[in-house]
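# Survey of secondary and tertiary structure
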Amino acid sequence: MSSHSSQRKSPPTYPGLFITFEGPEGSGKTTQCQHLAQWLQTNGQSVLITREPGGTPIAEAIRNLLLTKKTGPQKHETITPVCEAALVLAARSQHVTHTIVPALQKGMIVLCDRFFDSTLAYQGFGRGLNREALTRFNDFATGGIRPTLTFLLDLPVKEGLQRRKKASKQNRMDQESLAFHERVHRGFITLARQDAKRWRKLDAQQSPEQLAEEIIRHIQPMVPKSISPRKKRTSNTRLATKPKKSRA
Ligand SMILES: Nc1ncnc2c1ncn2[C@@H]1O[C@H](COP(=O)(O)OP(=O)(O)OP(=O)(O)O)[C@@H](O)[C@H]1O
Ligand SMILES: [Mg+2]
């Protein structure tokens with residue numbers, strides 16, 4: 001077990017910078033993670049792009065279990081909300097321990113496509129699980145690590161779902177009702193309001209290019225302060241795990 005054990009009172013700090021992208025389905029998180037990674041890389045930063053659920057082989061296997069449509073073993077047995085939360089948090093424990101913390105210790109900029117806020121939004125606001133319990137369970141699983149900055153890509157739910165229909169194979173979450181997705185969306189908005197210092201809420205109806213520029217405007221002042229740019233290299237971006245089929 002690494003140093004971030006569940007007994008820690010205040011979360012540890014690392015030389016790297018931890019940035020997360022959150023928002024409803026199809027809001028452009030993956031697109032913007034990639035844009036930002038490219039910009040950071042051309043500015044000499046070492047970047048790790050990763051995603052949740054996922055980011056290690058075991059966590060990616062859990063992702064498949066969570067996102068596979070109701071076929072196979074799930075045909076006759078639904079995943080309970082508590083099982084869903086436990087799987088998400090089990091994957092996060094692997095991810096934080098084996099991928100995120102080692103990169104932050106090396107001083108890298110970690111860009112993570114969804115993190116703990118998605119648990120609060122989906123399993124808390126969406127499924128109705130107790131958010132304090134989820135927070136305690138999350139901190140038990142991860143040592144309480146939090147992102148320095150979180151982008152909320154805000155988009156009307158219907159628009160995001162439409163984008164997803166066009167873009168990728170439907171998954172288990174796409175089968176949820178519109179009401180569920182609306183609760184998740186409202187959850188993200190509430191979370192962003194509760195911690196305005198960490199969150200940056202962006203209008204995800206802008207073009208990808210406009211959004212990328214806005215994100216860079218937020219990041220630019222933080223980068224030199226947090227980490228001194230390294231000598232430019234041809235490739236200093238690492239993917240934690242390669243998405244296999246469609247991107248998510
Ligand atoms: N700003 C944008 N305007 C219009 N379309 C966009 C924009 N950003 C991304 N898209 C398109 O919408 C689709 C979903 O984008 P993307 O995969 O980046 O979203 P996501 O938030 O990662 O989705 P998911 O919730 O499925 O992981 C893709 O086809 C992408 O090209
Ligand atoms: Mg995505």
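What comes next concerns the included structure. (Residues numbered from 1 in each chain as written. Chains lettered and ligands numbered in written order. Predicted model: local features only at pLDDT ≥ 70, side-chain atom pairs only at ≥ 80, totals over all residues.)

### Side note on the overall build of the chain
Where we set the bar: Helix numbering and strand numbering both begin at the N terminus, where a helix is a DSSP run of H or I of at least 4 residues and a strand a DSSP run of E of at least 2. Partly exposed residues are those whose C-beta has more than 12 but fewer than 20 other C-beta atoms within 10 Å; 20 or more makes a residue buried and 12 or fewer makes it exposed, with C-beta atoms placed from the backbone. Two residues qualify as a contact pair if the distance between their C-beta atoms, derived from the backbone, is within 7 Å.
Per the secondary structure count, the chain includes nine helices and six strands. Out of the 248 residues in the chain, the part that is buried amounts to 41%. Excluding contacts between residues fewer than 6 apart, the proportion of contacts in the chain whose partners are at least 24 apart in sequence is 86%.

### Digging into the environment of isoleucine 219
Relative to the helices and strands, isoleucine 219 resides in helix H8 (residues 208-219). Residues isoleucine 219 and leucine 36, spaced 183 residues apart in sequence, show a C-alpha to C-alpha distance of 9.0 Å.

### Some points on the pairing of strand S1 (residues 17-22)
To keep it simple, the criterion reads: Pairing between strands is defined by DSSP: at least two bridges between the two strands are required.
Taking burial as the measure, the six residues of S1 include six buried ones, the bulk of the element. Direction of pairing for S1 relative to strand S3 (residues 109-113): parallel, over a ladder of five bridges. Across the sheet, the residue bridging to phenylalanine 18 is valine 110, located in S3. For S1 and strand S4 (residues 149-154), the ladder comprises four bridges, and the chain directions are parallel. Residue pairing in the sheet places glutamate 22 in a bridge with leucine 152 of S4.

### Overview of the site of ligand 1
Rule in force here: Placing the C-beta atom from the backbone, one calls a residue near a molecule or strand if that atom lies within 6 Å of it. For this scheme, ten residues count as nonpolar: Ala, Val, Leu, Ile, Met, Phe, Trp, Tyr, Cys and Pro. Four count as charged, namely Asp, Glu, Lys and Arg, and the remainder, Gly too, count as polar.
The full set close to ligand 1 counts 18 residues, and Gly28, Lys29, Thr30, Thr31 and Ala167 are the nearest of them. For the shell around ligand 1, the secondary structure elements donating two or more residues are helix H1 (29-42), helix H6 (157-167) and H8. Of the residues contributing to the shell around ligand 1, the split by class is five nonpolar, eight polar and five charged.

### Regarding the environment of glycine 187
Residue placement: glycine 187 occurs in helix H7 (residues 178-194). Under the C-beta neighbour-count criterion, glycine 187 is labelled buried, with 22 such atoms within 10 Å. Along the primary structure glycine 187 and glycine 126 are separated by 61 residues, whereas in three dimensions their C-alpha atoms are 7.7 Å apart. Apart from the residues lying within four places of it in its own chain, the contact partners of glycine 187 are Leu120, Ala121, Gly124, Phe125 and Gly126.

### A closer look at the sheet that holds S1
Threshold: For helices, the axis comes from a line fit to the C-alpha atoms of the stretch in contact; other axes are also lines fit to C-alpha atoms, and the angle between any two N-to-C directions lies between 0 and 180 degrees.
Overall, parallel pairing links the six strands, which are arranged S5-S4-S1-S3-S2-S6 in an open sheet. Taken across any chain shown, the strands that pair with only one partner, and hence form the sheet edges, are strand S5 (199-203) and strand S6 (237-239). Across the sheet, the mean angle from the axis of one strand to that of its neighbour is 20°, orientation sign disregarded.

### Overview of the pairing of S3
Burial analysis of S3 places five of its five residues in the buried class, which makes it a mostly covered element. In S3, alternate side chains face the same way, and those of Ile109, Leu111 and Asp113 on one face and Val110 and Cys112 on the other are all buried. In this structure, strand S2 (residues 47-51) lies alongside S3, joined through five bridges in parallel fashion. Bridge pairing in S3 links valine 47 to isoleucine 109.

### Quick word on the nonpolar core
Worth spelling out the cut-off: By convention the nonpolar core is taken to be a set of buried residues drawn from Ala, Val, Leu, Ile, Met, Phe, Trp, Tyr and Cys and joined through C-beta atoms within 7 Å.
Ranked by internal contacts, the top residues of the largest apolar core, which has 44 residues, are Val47, Ile100, Leu104, Ile109, Val110 and Leu111. When sequence neighbours within four positions are dropped, the list of residues in contact with isoleucine 100 reads Phe18, Thr50, His95, Val110 and Cys112. Counting eight residues, the second largest nonpolar core, distinct from the first, contains Ile62, Leu89, Ala91 and Phe137.

### Some points on the packing of helix H4 (residues 116-126) against helix H5 (residues 131-142)
Going by this rule: Note: crossing handedness is left-handed where the near helix turns anticlockwise from the far helix by less than a right angle, and right-handed where it turns clockwise.
At their nearest, the axes of H4 and H5 sit 10 Å apart, and the two run at 145° to each other. The two elements H4 and H5 cross, and the hand of that crossing is right-handed. Each of Phe116, Thr119, Leu120, Gln123 and Gly124 in H4 lies in contact with H5, whose residues at this interface are Arg131, Leu134 and Asn138. Across the contact of H4 with H5, the residue classes break down as three nonpolar, four polar and one charged.

### Notes on helix H2 (residues 57-67)
Each α-helix winds once per 3.6 residues, and so residues spaced three or four apart point in a common direction. Under the convention used in this document: Working definition: the arc comes from the directions between the helix axis and the C-beta atoms, pointing outward to the latter.
Burial in H2 covers these residues: Ala59, Glu60, Ile62 and Arg63. Down the axis, H2 shows its buried residues gathered within 155° of arc, on one side only. Opposite the packed face of H2, turned more than 90 degrees from it, sit the exposed residues Pro57 and Asn64. The elements touched by buried residues of H2 are helix H3 (81-105).

### Details of H7
This is how it is decided: To estimate the expected span of a helix, subtract one from its residue number and multiply by 1.5 Å.
Between its first and last C-alpha, H7 extends 24 Å over 17 residues, near the 24 Å set by a 1.5 Å rise per residue. For H7, the full list of buried residues reads His181, Val184, His185, Gly187, Phe188, Leu191 and Ala192. Take H7 and look down its axis: the buried residues cluster within an arc of 155°, on one side only. Counted as exposed and oriented over 90 degrees from the buried face of H7: Leu178, Ala179, Arg193 and Gln194. Against S1, H4, S4, H6 and S5 lie the buried residues of H7.

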